[in-house]
Amino acid sequence: MAKALVIAFSSSDAEGAAAFGQALGAPFDILHFGDAPTDLGAGKMISASGDVPADALADGLKAVASGYSHIAAVSSMHSKDVMARLAGLLDAAMVTDVIAIASPTVFKRPIYAGSIIATIEVLAEPVVITFRPAGFAKPTRGGASTTETASLAGSGSTKRVSVSARASGRPDLTQAKFVVSGGRPLRDAQTFEQVIGGLADKLGAAVGATRAAVDSGIAPNECQVGQTGKIVAPDLYIAAGISGSTQHMAGIKDSKVIVAINKDPDAPIFEVADLGLVADLFDAVPEMTQKL
Ligand SMILES: Cc1cc2nc3c(=O)[nH]c(=O)nc-3n(C[C@H](O)[C@H](O)[C@H](O)COP(=O)(O)OP(=O)(O)OC[C@H]3O[C@@H](n4cnc5c(N)ncnc54)[C@H](O)[C@@H]3O)c2cc1C
């Protein structure tokens, strides 16, 4: 009998965790780091804490995961790091980036940067999963789950020497309703911040970038969107000076509305954009910012 443990590694993952649990159609518990509401339809809300490296966290989760047929978490760099290790420790099958559930053993996931959707049947239990919440309907709220706390006393062979994170004060890219992204033509970090950051701040948006912009030192690493960056699913994605490579599009295809600003009318991004503006971004973006 299927029973899932869905892990919310941050408070903002809790709704997504419930969306997955409800779509699975089996009883599920939510293990959450940070606050989470108790009306998400879970049997139990299990509160956990502990800011430890991924190997120790996976080791700690192994005991809590015992007895569940599915152990799942919202896709993120952190969850992939932890869940892959957990799958190894449990000797379990793993399916990453699930976007739809056909049955408790059949899942859909994108491959080749989203050009093909693969249907995967998993015949073994347990199965460890990461999923993209944008693919799932918002969870039905109601009722009250029982609550408990879990102690994740795991051990590992790595230790965190230091943490470097930039506090931008802007919304988290993966959760943001609006994202403004810039590409290679932004020239340098100061111009990127002024042009892309300026529009983002007027909209209350997160800032994204292409890998070309990140590799050229124009945009910070944590802003990279795409196949090897973050997957975003905002209501509005504004792409300024972005050609629309397959690898970039893999990270933005769940966006509800894509607006492209590019001076080349033949840029591939116009094939997928909902709204396109053929213009020089250095004219168009400041004008938009000023008019808002
Ligand atoms: C294995 C692998 C993984 C990758 N992963 C990622 C990833 O995760 N994310 C990612 O983004 N890329 C990724 N890439 C890189 C990807 O292939 C592209 O090289 C990159 O996305 C291009 O970035 P860009 O659009 O900023 O630059 P370009 O391709 O150089 O495009 C710039 C665009 O700006 C337009 N432009 C120029 N000047 C202006 C102006 N003044 N006003 C308006 N428009 C202007 C041009 O017409 C052009 O269309 C990956 C590549 C590989 C091989």
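Everything numeric here is computed off the predicted structure, so don't read it as measured data.

**With respect to the pairing of strand β11 (residues 178–182)**
- Counting buried positions along β11 yields four of five residues, so the element is predominantly enclosed.
- Judged from the five bridges that link them, β11 and strand β13 (residues 236–240) form a sheet pairing that is parallel. Along β13, the bridge assignment pairs Phe 178 with Leu 236.
- Crossover β11 to strand β12 (residues 206–209) through helix α4 (residues 189–203) is right-handed.

**Some words on the layout of surface pockets**
- Computed from the structure, the second largest pocket encloses a volume of approximately 460 Å³.
- In terms of lining residues, the second largest pocket is bounded by 25 residues, among which Arg 184, Thr 210, Gly 241, Ile 242 and Ser 243 are the most central.
- Of all the secondary structure elements, the ones that give two or more residues to the lining of the second largest pocket are α5 (211–215), α6 (246–249), β14 (257–262) and α7 (281–291).
- Classifying every residue of the lining of the second largest pocket gives eight nonpolar, 13 polar and four charged.

**A short note on the packing of helix α2 (residues 54–64) against helix α3 (residues 77–90)**
- Interhelical geometry of α2 versus α3 gives an angle of 50 degrees and a closest axis separation of 8 Å. Taken together, the axis directions place α2 and α3 in an arrangement best described as oblique. Here the hand of the crossing between α2 and α3 comes out right-handed. Of the residues in α3, those touching α2 at Ala 54, Asp 55, Leu 57, Ala 58, Asp 59, Leu 61 and Lys 62 are His 78, Asp 81, Val 82, Arg 85, Leu 86, Leu 89 and Leu 90.

**Some words on the sheet that holds β14**
- Judged by pairing direction, the sheet is parallel, and its five strands sit side by side in the order β12-β11-β13-β14-β15 without closing on themselves. Looking along the sheet, the strands with just one partner apiece sit at the ends: β12 and β15 (275–278). If you compare each strand with its neighbour and ignore which way they point, the axes differ by 15 degrees on average.
- Of the strands in this sheet, β11, β12 and β13 are in contact with α4, which crosses β11 at around 170 degrees.
- Here α7 sits on the sheet in contact with β13, β14 and β15, set at roughly 130 degrees to β14.

**Here's the deal with the nonpolar core**
- Formed by 27 residues in total, the largest nonpolar core has its most connected members in Val 6, Phe 20, Ile 30, Val 98, Phe 107, Ile 129 and Phe 131.
- Taken together, the elements giving at least two residues each to this core come down to β1 (4–8), α1 (14–24), β2 (28–33), β4 (70–74), β5 (93–98) and β9 (127–131).
- If you tally residues by element for this core, the top one is α1, at six residues.
- Apart from residues lying up to four places away in sequence, Phe 107 is in contact with Leu 24, His 70, Val 95, Val 98, Ala 100, Ile 101, Ala 118, Thr 119, Ile 120, Val 122 and Ile 129.
- Listed in part, the 24 residues of the second largest apolar core include Val 180, Ile 218, Val 259 and Ile 261.

**A closer look at the pattern of salt bridges**
- Tallied over the full model, the rule gives 15 salt bridges.
- Across the salt bridge formed by Arg 141 and Glu 15, the nearest N and O atoms sit 3.1 Å from each other. Linking Arg 141 in the loop between β9 and β10 (146–149) with Glu 15 in helix α1, this pair joins segments that are 126 residues apart in sequence.
- Arg 141 sits in the partly exposed class, given a relative accessible area of 40%.
- Under the relative-accessibility criterion, Glu 15 is labelled partly exposed at 30%.

**A word on the environment of Pro 133**
- Within the secondary structure layout, Pro 133 lies in the loop between β9 and β10.
- Judged by relative accessible area, which is 30%, Pro 133 ranks as partly exposed.
- The spatial distance from the C-alpha of Pro 133 to the C-alpha of Ala 19 is 7.0 Å, given a sequence separation of 114 residues.
- Other than its neighbours up to four places away in sequence, Pro 133 contacts Gly 16 and Val 74.

**What about the domain arrangement of the chain?**
- One can read the domain layout of the chain as domain 1 (4–149) and domain 2 (178–291).
- Taking only C-alpha atoms into account, the centre of domain 1 sits 30 Å from that of domain 2.
- Taken residue by residue, the interface counts six residues in domain 1 and nine residues in domain 2.
- Together, the buried faces of domain 1 and domain 2 total about 610 Å²; carbon and sulfur atoms form 66% of this surface.
- Linking domain 1 with domain 2 are zero salt bridges.
- For the pair domain 1 and domain 2, the interface holds zero residue pairs in polar contact (both at pLDDT 80 or more).

Reading guide: rules and limits
- Residues numbered from 1 in each chain as written.
- Predicted model: local features only at pLDDT ≥ 70, side-chain atom pairs only at ≥ 80, totals over all residues.
- Heavy atoms only, no water.
- Buried < 20%, exposed > 50% of the residue type's maximum accessible area, 1.4 Å probe, protein only.
- Helix = DSSP H or I, 4+ residues; strand = E, 2+ residues; numbered from the N terminus.
- Pairing = 2+ DSSP bridges.
- Right-handed = clockwise from strand over helix to strand, strands pointing away.
- 1 Å grid on protein atoms, 1.4 Å probe; cavity = no way out; pocket = protein on both sides within 12 Å on 5 of 7 lines; lining within 4 Å.
- Points joined across faces, edges and corners; volume = space filled by probe spheres on them.
- Nonpolar A, V, L, I, M, F, W, Y, C, P; charged D, E, K, R; others polar.
- Axes fitted to C-alpha atoms, helices over the stretch in contact; angles between N-to-C directions.
- Parallel < 35°, antiparallel > 145°, perpendicular 65-115°, else oblique.
- Left-handed = near helix turned anticlockwise from the far one by under 90°.
- Contact = heavy atoms within 4.5 Å.
- Core = buried A, V, L, I, M, F, W, Y, C linked by side-chain atoms within 4.5 Å.
- Salt bridge = Lys/Arg side-chain N within 4 Å of Asp/Glu carboxyl O.
- Domains from an automatic or database assignment.
- Buried area = accessible area lost by both parts, 1.4 Å probe.
- Polar contact = N/O pair within 3.5 Å; in protein donor to acceptor, adjacent residues only side chain to side chain.

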